[in-house]
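Descriptive structure summary
Listed below, chain by chain, are the residues.
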Amino acid sequence: MNDILPDETPHWRRLEQVVCRLLNSYGYGEIRLPLVEHTELFKRSIGEVTDIVEKEMYSFDDRNGESLTLRPEGTAGCVRAAIQQGLLTVPQRLWYAGPMFRYERPQKGRQRQFHQIGVEALGVASVEMDAELILLCARLWRRLGLAGSVELQINSIGSSAARRAYRAALVEYLSAHRAALDEDSQRRLDSNPLRILDSKNPDTQALLDAAPVLADYLDAEARDDFDRLRELLTAAGVAFVVNPRLVRGLDYYNKTVFEFVTERLGAQGTVCAGGRYDNLVEQLGGKSTPAVGFAMGMERLVLLMLETGAAGDAAPAQADVYAVAVGEDAHREALAAVEAVRDSLPGLAIVQHTGGGSFKSQLKRADKSGASVALIWGEDEVRAQSVTVKFLRDGAGQGDKTGQRSVPRDQLEATLRAAFAD
Ligand code: ATP
Ligand code: MG
């Protein structure tokens, strides 16, 4: 579980702001959900034999002996809330952002506490909704400067009946080659054989080249929807590749599944993943409601922004003005004057030096702070009811305003206003 430090948070904030504005513009409303849910909710939605439920959940008994779990993902809680709060009378476009928890082996792009932005569209069965979500993602990558770094992969996994039939065929094929499978895949052959399809093992992948393909088992409706999705994406100019082995690791998906992947982050290449889940609402006790959604991993997106240079110079918060004061009287004057400046110029970032020290040492700090102006109070300034304004940098919008001058106390705001006019 990572600390995110001030030199990184500006990138997070930019990501959040861009996403928030974009989702607003598509008519999505933000929902804020608890970090903890009943363990049962995740077992019933994600599925008992998935990686998450089998070995990744942080579960504990509360003081009443009820089993609770730190949310490993957001869809289950979002659907739970939609049912409980009576949101399902009309279609809902919802989004949320926040930490998720999975007990995984930590590595670059994989944490035990990580952050997702999730988007869920509840109540619309037509595949146009799937397309809307994908277009929205594509626009997001453009806004973030990541469009050239991610590839869209899509697939259809059909109805649960289609998957059952396919599963039987796949198990039959792979059972004949059981000895050639790695240990993980052998275990999955009994519990969750479809997961073998996204095995990273090259031998397993080679074996799968001759395996039955899911596309041959799709019912007509799923096939039509998938054709239509490809037509919609093509018409909108969104490039994609069909990945027939894309199945997703959670039980609740059907029909459309998609991922945006990058080659820039090593093994943790999926930055955004989602799909349709038409049966989940009913399965969790709500009225039958079609749905589709996705989640993106914020750590991976920030890494990708940094890796590709798309992060730009979203610099950490910097001071515009650094206030220096030597002596008790001077410090008192400075504090009051700086407060008055904060009143009239609320956009200015002013750091007040604290902890004493000589003019020289305080001005050194002023320089390090990145501020372009230092305000200086000493005995002389207190006596004269003035303040020394020292311009610390030339160029960069300062024109010839380098050097320093004494300004009467009551002209400080006007001086700063002029200095930071641009
Ligand atoms: P992976 O195959 O990488 O484990 P997943 O299929 O388990 O991903 P999802 O449950 O679909 O992931 O979550 C959606 C997105 O959340 C992922 O594509 C990824 O960007 C991010 N994500 C998932 N797990 C982690 C993690 N442990 N650390 C960081 N990001 C994660
Ligand atoms: Mg995972």
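1. Side note on a nonpolar patch on the surface
Among the surface-exposed residues, Leu35, Val36 and Phe60 lie close enough to one another that they form a single nonpolar patch of about 210 Å² accessible area. Structurally, the position occupied by leucine 35 is in the loop between strand S1 (29-30) and strand S2 (36-38).

2. Some details on the domain arrangement of the chain
For the chain, the domain assignment lists domain 1 (9-158 + 218-308) and domain 2 (321-419). A C-alpha centroid distance of 49 Å is found between domain 1 and domain 2.

3. What to know about unusual backbone geometry
We note that lysine 255 has phi near 50°; this positive angle belongs to a residue other than glycine. Note on placement: lysine 255 falls in strand S9 (residues 254-261). Here the phi dihedral of glutamine 385 falls at roughly 50°; this positive angle occurs in a residue that is not glycine. Within the fold, glutamine 385 resides in the loop between helix H14 (379-384) and strand S15 (386-391). Accessibility expressed as a relative area gives 43% for glutamine 385, which makes it partly exposed.

4. A short note on the layout of surface pockets
By volume, the second largest pocket is sized at about 470 Å³. Listing elements by their share of the lining of the second largest pocket, those giving two or more residues are helix H2 (39-46), helix H6 (160-175) and helix H10 (280-283). Counting residues per element, the lining of the second largest pocket draws most heavily on H6, which supplies four residues. In the lining of the second largest pocket, the residues fall into nine nonpolar, eight polar and seven charged.

5. Considering the pairing of strand S11 (residues 291-297)
If a strand is regular, its side chains alternate between the two faces of the sheet. Taking burial as the measure, the seven residues of S11 include seven buried ones, the bulk of the element. Along S11, one buried face is formed by Ala291, Gly293, Ala295 and Gly297 and the opposite face, lined by Val292, Phe294 and Met296, is buried too. Pairing of strand S6 (residues 113-122) with S11 involves seven bridges; the strand directions are antiparallel. Across the sheet, the residue bridging to isoleucine 117 is methionine 296, located in S11. Bridge count between strand S10 (residues 270-276) and S11: five bridges; the pairing is antiparallel. Each residue of the ladder has a partner; that of alanine 273, found in S11, is alanine 295.

6. A closer look at the side chain of serine 191
Along the chain, the position of serine 191 falls in helix H7 (residues 183-191). The class for serine 191 is buried, based on a relative accessible area of 19%. Leave out the neighbours within four places in its chain, and serine 191 touches Val49 and Arg167.

7. Observations regarding the pairing of strand S12 (residues 321-325)
Counting buried residues along S12, five of its five residues qualify, which places the element largely inside the surrounding structure. Burial along S12 is two-sided: Val321, Ala323 and Ala325 and Tyr322 and Val324, pointing in opposite directions, are all buried. Judged from the three bridges that link them, S12 and strand S13 (residues 350-352) form a sheet pairing that is parallel. Following the sheet pairing, alanine 323 is matched in S13 by glutamine 352.

8. Overview of the sheet that holds strand S16 (residues 403-408)
Hydrogen bonds along the backbone pair up the strands of a sheet, which may run parallel or antiparallel. Read across the sheet, five strands follow the order S13-S12-S14-S15-S16 without closing on themselves; strand pairing throughout is mixed. Only two strands of the sheet have a single partner each, and these edge strands are S13 and S16. For this sheet, the mean inter-axis angle between neighbouring strands, taken without regard to orientation, is 25°. Taken strand by strand, helix H12 (residues 328-344) contacts S12, S13 and strand S14 (373-377), and its axis lies near 160° from that of S13.

9. Things to note about the site of ligand 1
Of all residues adjacent to ligand 1, which total 16 residues, the nearest are Arg102, Glu104, Arg110, Arg248 and Thr270. Within the contact set of ligand 1, an oxygen atom lies 2.9 Å away from a side-chain nitrogen or oxygen of glutamine 116. The backbone of threonine 270 places a nitrogen or oxygen atom 2.8 Å from an oxygen atom of ligand 1. Look at ligand 1: alone it shows 580 Å² of surface, and the protein chains cover 88% of it. Residue assignment for the shell around ligand 1 shows that the elements contributing at least two residues are S6, S10 and S11. Residue composition of the shell around ligand 1, grouped by class: six nonpolar, five polar and five charged.

Here is what the cut-offs are and how they apply
Residues numbered from 1 in each chain as written. Chains lettered and ligands numbered in written order. Predicted model: local features only at pLDDT ≥ 70, side-chain atom pairs only at ≥ 80, totals over all residues. Heavy atoms only, no water. Patch = residues over 30% accessible without salt bridge, like charges linked within 9 Å, V, L, I, M, F, W, Y side chains within 5 Å. Areas by Shrake-Rupley, 256 points an atom, 1.4 Å probe, with all protein chains shown as cover. Salt bridge = Lys/Arg side-chain N within 4 Å of Asp/Glu carboxyl O. Helix = DSSP H or I, 4+ residues; strand = E, 2+ residues; numbered from the N terminus. Domains from an automatic or database assignment. Buried < 20%, exposed > 50% of the residue type's maximum accessible area, 1.4 Å probe, protein only. 1 Å grid on protein atoms, 1.4 Å probe; cavity = no way out; pocket = protein on both sides within 12 Å on 5 of 7 lines; lining within 4 Å. Points joined across faces, edges and corners; volume = space filled by probe spheres on them. Nonpolar A, V, L, I, M, F, W, Y, C, P; charged D, E, K, R; others polar. Pairing = 2+ DSSP bridges. Contact = heavy atoms within 4.5 Å. Axes fitted to C-alpha atoms, helices over the stretch in contact; angles between N-to-C directions. Near = heavy atom within 4 Å. Polar contact = N/O pair within 3.5 Å; in protein donor to acceptor, adjacent residues only side chain to side chain.

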